[in-house]
Amino acid sequence: MSSQEKSASFLVRLFPLLGHKNIPWRREILAGLTTFLTMSYIIAVNPQILGETGMDAGALVTATCLAAAIGCFLMGFIADLPFALASGMGLNAFFAYSVVIKQSIPWEVALTAVFIEGIIFIFLTLFKVREAVVNSIPQNMKLAVTGGIGLFIAMVGFSSSGLIVQNDATMVSMGAFHVTTIITCLGVLLIAVLDKLNIPGSILIGIASCSILGWIYALMNPKTAADLGIYLPTGILKFESISPIAGKLAWGHLLDFEMFQSLFIIIVTFLFVDFFDTVGTLVGVSTKAGMLDDQGRVPRVGRALMSDALATTAGAALGVSTVTTFVESSTGVLAGGRTGVTAITTGCLFLAAMFFSPIFIAIPACATAPALIYVGYLMLTSVKGIDLFNITEGMPAFITIAAMPLTYSIGDGLTLGVLSYVFINLIYNIFAPKEKREPVSWVMIILAALFVAKFIFM
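Predicted, not measured: the structure shown is a model, and the values here were computed from it.

Draft legend 1. Quick look at the packing of aromatic side chains. Across all of its chains, the model carries 6 aromatic pairs by this definition. Seen from their ring centres, Tyr41 and Phe326 are 6.5 Å apart, and the 45° between their planes marks the pair as tilted. Placement of the pair is Tyr41 in the loop between helix H2 (25–39) and helix H3 (42–50) and Phe326 in the loop between strand E4 (323–325) and helix H14 (329–334), with a sequence separation of 285 residues. Looking at Phe326, the relative accessible area reads 4%, which means it is buried. Their ring planes at 15° and their centres at 5.2 Å tell us that Phe239 and Phe355 sit as a pair that is stacked. Placement of the pair is Phe239 in the loop between helix H11 (222–227) and helix H12 (257–289) and Phe355 in helix H15 (residues 340–361), with a sequence separation of 116 residues. According to the relative accessible area criterion, Phe239 is partly exposed, its value standing at 46%.

Draft legend 2. Representation of the packing of helix H5 (residues 91–103) against helix H6 (residues 107–126) in the model. Contact pair H5 / H6: the axes reach a minimum separation of 10 Å and the direction vectors enclose 120°. In terms of orientation, H5 lies oblique with respect to H6. The handedness of the crossing between H5 and H6 comes out as right-handed. Along its contact with H5, which presents Phe95, Val99 and Val100, the element H6 presents Trp107, Ala110, Leu111 and Val114. Residues of the contact of H5 with H6, tallied by class, amount to 7 nonpolar, no polar and no charged.

Draft legend 3. Region of the structure containing the environment of Gly162. Tracing the sequence through the fold places Gly162 in the loop between helix H8 (139–161) and strand E2 (164–167). Each C-alpha atom, one on Gly162 and one on Pro24, is 37 Å from the other, the two residues being 138 residues apart in sequence. Every residue in contact with Gly162, bar those within four places of it in the chain, is listed here: Gly175, Ala176 and Thr181.

Draft legend 4. Main features of unusual backbone geometry. Of note, the phi angle at Asp80 is positive, near 55°, even though the residue is not glycine. Structurally, the position occupied by Asp80 is in the loop between helix H4 (57–79) and strand E1 (85–87). Look at Asp80 and you get buried, because its relative accessible area is 4%. Phi angles above zero are rare outside glycine, and Met171 is one such case at about 75°. Looking at the secondary structure, you find Met171 in strand E3 (residues 171–174). By relative accessible area, which is 67% here, Met171 ends up exposed.

Draft legend 5. Seen up close, helix H13 (residues 301–318). For H13, spanning 18 residues, the distance from its first C-alpha to its last is 25 Å, which sits close to the expected 26 Å at 1.5 Å a residue. Along H13, 14 of the 18 residues are buried, which leaves the element largely enclosed by surrounding structure. Looking at the residues trailing H13, positive phi occurs at Gly319, about 115°.

Draft legend 6. Quick look at the environment of Leu81. As for its position among the elements, Leu81 is in the loop between H4 and E1. According to the relative accessible area criterion, Leu81 is buried, its value standing at 0%. In this structure the C-alpha to C-alpha distance between Leu81 and Arg338, which are 257 residues apart in sequence, comes to 6.6 Å. Once residues lying within four places of it in the same chain are set aside, the contact partners of Leu81 are Met75, Gly76, Met291, Pro299, Arg300, Ala304, Thr339, Gly340 and Ala343.

Draft legend 7. A look at the side chain of Glu28. Tracing the backbone through its elements, the reader meets Glu28 in helix H2. By relative accessible area, which is 0% here, Glu28 ends up buried. Ignoring sequence-local partners within four residues, the contact set of Glu28 consists of Ile23, Gly336, Gly337, Arg338, Thr339, Val341, Thr342 and Thr345.

Draft legend 8. Broad picture of the state of the cysteines. Within this structure, the stated rule accounts for 0 disulfides. The thiol sulfur of Cys65 is not disulfide-bonded, and the nearest other cysteine sulfur, from Cys72, lies at 11 Å. The exposure class of Cys65 is buried, given its relative accessible area of 0%. Take Cys366: it sits in no disulfide, and the sulfur closest to it among the cysteines is that of Cys210, at 6.7 Å. Residue classification places Cys366 among the buried residues on the basis of a relative accessible area of 2%.

Draft legend 9. Structural context of the packing of helix H10 (residues 202–220) against helix H16 (residues 365–380). Packing of H10 against H16 brings their axes to within 7 Å, and their N-to-C directions diverge by 155°. The orientation of H10 with respect to H16, classified from their angle, is roughly antiparallel. Pair H10 / H16 crosses with right-handed handedness. Where H10 approaches H16, its residues Ile203, Ile207, Cys210 and Ser211 are matched on the opposing element by Cys366, Ala367, Pro370, Ala371 and Val375. Looking at the contact of H10 with H16, its residues break down into 8 nonpolar, 1 polar and no charged.

Draft legend 10. Molecular detail of the pattern of salt bridges. Per the stated rule, a full pass over the model turns up 3 salt bridges. The shortest N-O distance in the salt bridge between Glu28 and Arg27 comes to 3.3 Å. Taking the relative accessible area as the measure of exposure, Arg27 reaches 37% and is therefore partly exposed. A salt bridge links Glu240 to Lys238, with the nearest nitrogen and oxygen atoms 3.7 Å apart. For Glu240, a relative accessible area of 29% corresponds to the partly exposed category.

Draft legend 11. Expanded view of a nonpolar patch on the surface. Together, Met174, Phe177, Ile182, Leu186, Leu189 and Leu213 give the surface a local cluster of nonpolar side chains, amounting to about 640 Å² of exposed area. With 3 residues, the top contributor of residues to the nonpolar patch is helix H9 (residues 179–196). You can see Ile182 is positioned in helix H9.

The rules behind these values
Residues numbered from 1 in each chain as written. Predicted model: local features only at pLDDT ≥ 70, side-chain atom pairs only at ≥ 80, totals over all residues. Heavy atoms only, no water. Phe/Tyr/Trp six-rings, centres within 6.5 Å; stacked < 30°, edge-to-face > 60°. Helix = DSSP H or I, 4+ residues; strand = E, 2+ residues; numbered from the N terminus. Buried < 20%, exposed > 50% of the residue type's maximum accessible area, 1.4 Å probe, protein only. Axes fitted to C-alpha atoms, helices over the stretch in contact; angles between N-to-C directions. Parallel < 35°, antiparallel > 145°, perpendicular 65-115°, else oblique. Left-handed = near helix turned anticlockwise from the far one by under 90°. Contact = heavy atoms within 4.5 Å. Nonpolar A, V, L, I, M, F, W, Y, C, P; charged D, E, K, R; others polar. Expected span 1.5 Å × (residues − 1). Disulfide = S-S within 2.5 Å. Salt bridge = Lys/Arg side-chain N within 4 Å of Asp/Glu carboxyl O. Patch = residues over 30% accessible without salt bridge, like charges linked within 9 Å, V, L, I, M, F, W, Y side chains within 5 Å. Areas by Shrake-Rupley, 256 points an atom, 1.4 Å probe, with all protein chains shown as cover.

Purely spatial values, then, with no claim about function.
See the structure below:
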């Protein structure tokens, strides 16, 4: 082998994306665009949430886009997978409301906790701890995770559109029909019909059409539209510096024993939530895309997890909360994305959004809700592969599927699913004849023990 061939081989091992000979560029770029439009709401939502802590909102827009772009590029080049990353919903709310506001902890200290979490994840990934966890989840549970994520993101879509609302008596109930709910319903119908007709980019067309409808309404009824969360773009070009929040890690606070105790609990919480949200998303989306290997493992999962860990560390340095793999990546996967080009395309669009943020921020929730609802339906079809007649497999799968939307957390749903799987099978094995016992991996048992410890001490 010549030195040139050795160099090329080394680059392919380092960046698997370079090993592709025939990439369907149009399909991959369209998938990346679809993913971006579905998750672009984070550009507006993340600064709103983190801004509650006193952080500069303009700087947060830029930092959110930069951190997302870095995560997407890492996922695309290093892992060659079509998954996009950005500051995670739920994790940003925990950062702002539970840590900074409720505990009166400076946001600089909270960012330090996120940075340390990222470093810990890098080491856990290097020693293949996270990879072992992903590969040890049974196949029926992986299918259940896919179905549970489907219900979870569908619930996000129903909620963001106003089709379901909070109700003190029944927890949730149907919302009133108004412009946003009507636009969402029209979007679902449009996407479903276009997809049935095998028209490429049906989800993207649905998002664009619903956005235009929302903007037309805002042009005709600005006050009512504003009350419903629909706004016209306020401009085209705008760029904000990240200097007010970048590099503001507060290492000095680690010397304060009381602050260190609080910081330790915060880091552990970030670890648990991010770890299992990421694992659940990778497993669920990969299963739906048919990307698992013959042994039911996520391809290049170690590289995917390393991309996630590096992005979290970089994001904290830039000034945003934990960066994680987004479940909305499923929209791009279902639009045909299969390589890292999809993630890289999404990352490039996040970079562009730093300069054109007024347009992307103006995409209303009622425009992305139809995509989430429709993808939720598509992902739920995975449950047909679950052996529901075997109660030791079917019951934990059911708990996983039901718990994700009902707890409003992929991580919590996976936690309850793992616990039920381990306890049901271990207790069954005590009483069952030897030849009928169900094997339970030690990784699953250790996970269950950690989850129990989490419930006791946190």
